[in-house]
Amino acid sequence: MSKRILIAALCAGMLIGLCSCAKGAPLTDETSEVEQTLDIVGNNFSPVPTVKLETPVITYLGTGSVPQSSAELYRKTYAAQYFDASSGQYVFPDGSGRLIVSRTVTEGQLPDELIASIQSDSSPDLTDKLDNSYPYLMSRNIYEDLTAYMDMSSPQWVDMGEYVERYEFNGKHFYYPWDSTLSPQLLFYNRGLFEQYGIPDPAELLDEDNWTWETFLEDCRLFVLADDNAAELYGKDIAENFMASTGVMLIGKDENGKLTNNFASEEISRAAEWLEEFAQNVSEDCSDEAAEEGLAAFYSADREYADETELFFVPYPKDGQAEKYFCRASTRGYLVPKGAKNVVGACCFINCCRLDIYGDIPDETSDSFETSLCAITSESGELQTAESEPEITAADILKKLRNPDMFSGVADENRCFSEETNAVIDDMLNGILYGDDINWERRCAENFPLINAAVDEINSLI
C-alpha cells in the first residue's frame, strides 16, 4: 500500500529555541516538508519490504538495548539490500556493519541527554518513552509526529489502535507502542499456606468471577487470623492498581482530546476511601521474601518476579461496582526525537518490533515469557499426570488476562507533568497508604490548584 508521507526536517532556527525546553517552554514547530512516496509494508506476510531507505542505520539513545530479535528482523527485511553475498557481510552506506548504533544512559540521565542531543543537532532516531513523554514532553515539541508514516490498518497494528489513540496529542501520534501488558504488577501469594490455613484460593475465586475487593479482604483477614504476626499486603504501586480497578484513569482524556483531572471523581474517591480503611493492614517493612516465608498474605510485585519465586499469582481484584476486571496496562515502544536524521528508518524498525510481537502471540503451547512462568505442577512440585485432579495453573491465569470480555487495560499516566507536579502526585499516591495524613479528600483539596494548573497548561495547547 503506497502512502504519501511528509518527512520533516528541523530548521536551524528551531534549534535556537530548544534550550528553553528544560525550563518548561514549548519548542516552536517550524519545519520544512519534503514529500516522498513510501510503500510501508502492512503485514508480516511479505518477506522483502519495498521501502528503500537512504540508509538503514539508526541510532538509539535509551536506558537499555533494542530487542535483538526485532533488530534481526529489521536486518533481514529493510536492510536486506545491503547484504554482500561475496563477503557474506552487511555493508552499510557509512562503510560499517553496524545497523543499530546505541548509546546507553541511566533513566535519570536520559531527559538531559535527549535535550542536549536535540540542541546539538545530533538527535538519535529512537529513544525510550519517559514517564512524562505523554503529554508533557509531547506538548514541548520534543518528538516527531509519526502519523503519516504508520499504517494502522495493517493487521499487526489493529490490536494496538486503542493504545495508539490513548497517546494521541493534539491530533498527532508521536508514540506507537508495539507491545502492551495487562496487569504489569501481580499479587503473589503462597498457595500452599492458603490451602493449609483453609483460605479460599484467589485463583479459584478468579475462575469463579468472584475475585473482588471484598473477597480479597476476606482472604487477608483469614490469613492474619491464622498467624496474627503476619501482614496482609506489601509491595509496589498498591494504591494505583486498586484505583485502576475502577476503570477510571487519574489523568484521563475527554472526547475532544483534552486532559481531565479525575482525582476527585466518584470512582477514584470511592477507591481512596476503601484504601484509607485498608491502610493499617499494609506494611512498609516486609522483605521481598515475606510472602514466601508466610509473613504476609500478598506481595504486589512486577510480573518478572515470577521468574524468581515459586509463589503463585493473580491480578488485582475487581471493583465490585465495575462492569469487568480493569487492570493497569503498561506499554513498550519508542519515540522519534525532533531532528532525527532517519525518521523513516526509525518507523520501519518500530514496525519490525510490532511484527516481532505480532508473529509470536502467545498461546497455550508457546514458549513466550508468559508461558515460561507456567510449569504445570502440583503443590508438591510434581508434574501433574492425566490422573491428577485438574488444577488452575499460571497459564490459566494469564489466558484469562488476555480475554477482552473479562479484562480491560487502563493505560494510566499518573506522573505525566513537570517534576514538581509529579512529586506532588507521587506523594499523594504513596501517602494514602503510608503517610501521616491519609485523608484523600483533604489532600486533593490542597493539591488541586497545582494539578489543575498543569492540566490547564497542557489543554491550552490543544
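Residues numbered from 1 in each chain as written. Predicted model: local features only at pLDDT ≥ 70, side-chain atom pairs only at ≥ 80, totals over all residues. Heavy atoms only, no water.

### Some remarks on the pattern of salt bridges
Scanning the model with the defined rule gives 22 salt bridges in all. With a shortest N-O distance of 3.9 Å, Glu72 and Lys76 are connected by a salt bridge. Of this pair, Glu72 and Lys76 both sit in helix α2 (residues 68-76), 4 residues apart, roughly one helical turn. Residue class for Glu72 comes out partly exposed when judged on its relative accessible area of 33%. The shortest N-O distance in the salt bridge between Asp427 and Arg443 comes to 2.8 Å. (Salt bridge = Lys/Arg side-chain N within 4 Å of Asp/Glu carboxyl O. Helix = DSSP H or I, 4+ residues; strand = E, 2+ residues; numbered from the N terminus. Buried < 20%, exposed > 50% of the residue type's maximum accessible area, 1.4 Å probe, protein only.)

### Here we look at the packing of helix α9 (residues 213-226) against helix α11 (residues 266-278)
Where α9 meets α11, the axes come as close as 13 Å, and the angle between the chain directions of the two elements is 5°. By the angle between their axes, α9 is roughly parallel relative to α11. Residues Trp213, Phe216, Leu217 and Cys220 of α9 lie in contact with α11, whose contacting residues are Arg270, Ala271, Trp274 and Phe278. For the contact of α9 with α11, the residue count by class is 7 nonpolar, no polar and 1 charged. (Axes fitted to C-alpha atoms, helices over the stretch in contact; angles between N-to-C directions. Parallel < 35°, antiparallel > 145°, perpendicular 65-115°, else oblique. Contact = heavy atoms within 4.5 Å. Nonpolar A, V, L, I, M, F, W, Y, C, P; charged D, E, K, R; others polar.)

### Quick notes on the packing of aromatic side chains
All chains considered together, the criterion is met by 35 aromatic pairs. Taking the centre distance of 5.9 Å and the plane angle of 55° together, the rings of Tyr189 and Phe298 count as tilted. Highlighted residues: Tyr189 in strand β9 (residues 185-189) and Phe298 in strand β13 (residues 296-302), separated in sequence by 109 residues. The class for Phe298 is buried, based on a relative accessible area of 0%. (Phe/Tyr/Trp six-rings, centres within 6.5 Å; stacked < 30°, edge-to-face > 60°.)

### Overview of the sheet that holds strand β16 (residues 334-335)
Strand pairing in a sheet relies on backbone hydrogen bonds, with the paired strands running either antiparallel or parallel. If you trace the 4 strands from one edge of the open sheet to the other, you get β6-β3-β7-β16, paired in mixed fashion. Only two strands of the sheet have a single partner each, and these edge strands are β6 (100-104) and β16. Two elements, strand β3 (residues 58-62) and strand β7 (residues 126-128), share 2 bridges in a ladder whose sense is parallel. From the neighbouring strand, Tyr60 faces β7, where its bridge partner is Leu126. Strands β3, β6 and β7 of the sheet are contacted by helix α3 (residues 110-119), whose axis makes an angle of about 145° with β3. (Pairing = 2+ DSSP bridges.)

### Considerations on the environment of Ala453
Topologically, Ala453 is positioned in helix α16 (residues 440-459). Classification of Ala453 by relative accessible area gives partly exposed; the value is 41%. For the pair Ala453 and Thr421, spaced 32 residues apart in the sequence, the C-alpha separation amounts to 9.5 Å.

### Points about a negative patch on the surface
On the surface, a cluster of negative charge is contributed by Asp288, Glu289, Glu292, Glu293, Glu304, Asp307, Glu308 and Glu310. Residue placement: Glu304 occurs in the loop between β13 and β14 (312-314). (Patch = residues over 30% accessible without salt bridge, like charges linked within 9 Å, V, L, I, M, F, W, Y side chains within 5 Å. Areas by Shrake-Rupley, 256 points an atom, 1.4 Å probe, with all protein chains shown as cover. Lys, Arg positive; Asp, Glu negative; His and termini not counted. Charge placed at Lys NZ, Arg CZ, Asp CG, Glu CD.)

### Observations concerning the side chain of Lys318
The topology assignment puts Lys318 in the loop between β14 and β15 (325-332). Residue Lys318 is classed as buried on the basis of its relative accessible area, which comes to 11%.

### Re the confidence of the model for the chain
Taken over all residues, the pLDDT of the chain has a mean of 83, while the share at 70 or more is 82%. Counted against residues more than four places away or in other chains, residues 1-48, with its pLDDT under 50, gives 111 contacts. Note that residues 361-388 has pLDDT below 50 and, in this model, 37 contacts with residues that lie over four places away or in other chains. (pLDDT = per-residue confidence, 0-100.)

### What to know about α9
Its 14 residues give α9 an end-to-end C-alpha distance of 20 Å, which sits within 8% of 20 Å, the value for a rise of 1.5 Å per residue. Within α9 the residues assigned to the buried category are Trp213, Thr215, Phe216, Asp219, Cys220 and Phe223. (Expected span 1.5 Å × (residues − 1).)

### Examining the sheet that holds β14
Strand order across the open sheet formed by 4 strands is β10-β13-β9-β14, with mixed pairing between neighbours. Edge positions in the sheet fall to β10 (231-235) and β14, since each has one partner strand and no second. On average, each strand axis in the sheet is inclined to that of its neighbour by 30°, with strand direction left out of account. Pairing between β10 and β13: 4 bridges, direction parallel. Bridged to Ala231 within β13 is Ala296. Sitting on the sheet, α9 is in contact with β9, β10 and β13, with an inclination near 120° to β10.

### Some points on the environment of Glu240
Here Glu240 is to be found in helix α10 (residues 238-244). Residue Glu240 is classed as buried on the basis of its relative accessible area, which comes to 4%. With 172 residues separating them in the primary sequence, Glu240 and Asp412 have C-alpha atoms 8.8 Å apart. Among residues more than four places away in sequence, those in contact with Glu240 are Arg328, Asn414, Arg415 and Leu429.

### Here's the deal with helix α15 (residues 419-434)
The terminal C-alpha atoms of α15, which comprises 16 residues, lie 21 Å apart, in line with the 22 Å expected from a rise of 1.5 Å per residue. When we look at burial in α15, the residues that qualify are Thr421, Asn422, Val424, Ile425, Met428, Leu429, Gly431, Ile432 and Leu433. Buried residues in α15 make contact with α10, α11 and α16.

### Looking at the environment of Ile462
By secondary structure assignment, the location of Ile462 is in the segment after α16. In the structure, Ile462 is positioned 293 residues away from Phe169 in sequence and 7.8 Å away in space, judged by C-alpha atoms. Not counting residues up to four positions away in its chain, the partners in contact with Ile462 are Phe169, Asn170, Asn256, Gly257 and Lys258.

### Let's talk about the packing of α15 against α16
Remark: α15 packs on α16, axes separated minimally by 10 Å, with the N-to-C direction vectors making an angle of 160°. In terms of axis orientation, α15 runs roughly antiparallel to α16. Crossing of α15 over α16 shows left-handed handedness. Across the interface between the two elements, Glu420, Thr421, Val424, Ile425, Asp427, Met428, Leu429, Gly431 and Ile432 of α15 pack against Trp440, Arg443, Cys444, Asn447, Leu450, Ile451 and Ala454 of α16. Counted by class, the contact of α15 with α16 contains 10 nonpolar, 3 polar and 3 charged residues. (Left-handed = near helix turned anticlockwise from the far one by under 90°.)

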